[in-house]
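# A structural walkthrough
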Amino acid sequence: MEMNISPAAGRAVEILEENGHEAFVVGGCVRDMLMGREPHDFDITTSATPPETEAAFRGFRLIETGIKHGTVTVLIDGEPLEITTYRLDGEYLDNRRPSEVFFTPNLVDDLARRDFTVNAMAYSPTRGIVDKFGGQDDLARRLIRAVGDPDRRFHEDGLRILRALRFAAVLDFDIEAETAASIHRCVALLDNISAERVRVELFKLVCGVGARRVLAEYPDVLCRIVPEFAPSVGFDQRNPYHKYDVYTHSLVSLELAEGDVCVKLAALFHDIGKPACFSEDERGGHFYGHPKLSTELTETALRRLKTDNKTLGTVVRLVAEHHRTILPNEKSVRRMLCALGEQDSRRLIALRRADNGALVDWLVAPRLHELDEIEAVLDRLIA
């Protein structure tokens, strides 16, 4: 099967082969090409050692920052290409990185250490696809499956737990049964992962088309990295306007939220303070003061995840304002516009659409109609 790799990656593979070495593009780029998606970048794996790689690319600009782990970055036509020697990983002492790596002449050894079967394929224009672990079958079945023993893969690198969920959400795949069981067994390994790495995976996950389904299946994973969500799971709102428990309402809102990562995060976090604010009377359950507490919990969680100030500020603002009274008239919309600006006003409307869309059925249509009117007023004011 012939696939369209970038001219720069094709040239790099060709140069290595001309110098007597094996070379393949590997990992996510192969998966994406097989799925008909545009790869973000191309990684190359080769039998050449780092000195041999440098010799093959004499005359090109080289960056040696990863050379300790066998990686040389080569710039070809302005495209940076990471070229890594086939390797075996040593012992993982911190559930994150190998203590040392060993070079190997065998491509299959290199593929066997990778995380999931759909990422453990290699391709060369001259040698075709190398798929020793069933990656193509799992793509066809839309499955995320660990390479080999899933417990071993996750103990090597606990971040793979979140990566599995992220791939399942973004690709809208299921997670294979043994891999899923291992995720639940190994979830505590996430405690060893840096906040920055957790944040990157979580933010990608919530933007995935399958995020609601994945987070519904793995609340233990989300609650491990954001324990503030734990009280929400299964919390009955006992309220005539709500048909879901707090956690499910948040996930449905996330699924309905249209917009950037800030809107997605705000939809997920907007009711996180509800369980602590619960009270009940003859009219049902109430959550007085929950926007304020939800705002505080959201800020605490996002700061712990080392979120950049701009994203944090936007998400916290949206959560704080998600119960703002907005009427479909110029005075009310102008007040929102002055307080939030155009971009965040539109984000707030998107959040309100998602929140209202997750209410009982008879409330949804009139609430969404009112938001259409509010947005129309906003459009007129901006014009």
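Check the entry above for the structure.
First, a word on scope: everything that follows refers to the structure included in this document. Only a predicted model underlies this, so the values are computations on that prediction, with no experimental measurement involved.

Take the packing of helix α7 (residues 159–171) against helix α9 (residues 195–206) next. α9 packs onto α7 with a crossing angle of 15° between their chain directions and a minimal axis gap of 8 Å. By the angle class used here, α7 and α9 are roughly parallel. Classified by chirality, the crossing of α9 by α7 is left-handed. Each of L159, L162, R163, L165, R166, A169 and V170 in α7 lies in contact with α9, whose residues at this interface are R197, V198, E201, K204 and L205. Looking at the contact of α7 with α9 residue by residue, the classes come out as seven nonpolar, no polar and five charged.

Soluble globular proteins tend to bury their nonpolar side chains together. With 97 residues, the main nonpolar core has V25, I144, V226 and F269 as its most contacted residues. Not counting residues up to four positions away in its chain, the partners in contact with I144 are F116, V118, A164, F167, A168, L171, F173, D174, I175, E176 and T179. Core analysis: the second largest hydrophobic core is formed by seven residues, V26, Y86, L107 and V130 among them.

Tracing the backbone through its elements, the reader meets M33 in helix α2 (residues 28–34). Look at M33 and you get buried, because its relative accessible area is 11%. Ignoring sequence-local partners within four residues, the contact set of M33 consists of M3, N4, I5, V25, P39 and F42.

On to the environment of E54. Position of E54 relative to the elements: it lies in helix α3 (residues 50–56). With 216 residues separating them along the chain, E54 and H270 place their C-alpha atoms 52 Å apart. Excluding its chain neighbours within four sequence positions, the residues that come into contact with E54 are L62, E64, I67 and V72.

Another aspect to go through is the pattern of salt bridges. Applying the stated criterion across every chain, the model contains 39 salt bridges. Here D172 ties to R213 by a salt bridge, and the two come within 3.0 Å at their closest N and O atoms. Within this pair, whereas D172 is found in the loop between α7 and β11 (174–175), its partner R213 is found in helix α10 (residues 211–217), the two being separated by 41 residues in sequence. Exposure remark for D172: the relative accessible area of 33% places this residue in the partly exposed category. A salt bridge links D281 to R283, with the shortest nitrogen-to-oxygen separation between them at 3.5 Å. According to the relative accessible area criterion, D281 is partly exposed, its value standing at 30%. For R283, a relative accessible area of 54% translates into the label exposed. Here the salt bridges do not stand alone but share partners, grouping E342, R346, R353, D372, E375 and D379 into one network.

Procedures and definitions
Residues numbered from 1 in each chain as written. Predicted model: local features only at pLDDT ≥ 70, side-chain atom pairs only at ≥ 80, totals over all residues. Heavy atoms only, no water. Axes fitted to C-alpha atoms, helices over the stretch in contact; angles between N-to-C directions. Helix = DSSP H or I, 4+ residues; strand = E, 2+ residues; numbered from the N terminus. Parallel < 35°, antiparallel > 145°, perpendicular 65-115°, else oblique. Left-handed = near helix turned anticlockwise from the far one by under 90°. Contact = heavy atoms within 4.5 Å. Nonpolar A, V, L, I, M, F, W, Y, C, P; charged D, E, K, R; others polar. Core = buried A, V, L, I, M, F, W, Y, C linked by side-chain atoms within 4.5 Å. Buried < 20%, exposed > 50% of the residue type's maximum accessible area, 1.4 Å probe, protein only. Salt bridge = Lys/Arg side-chain N within 4 Å of Asp/Glu carboxyl O.

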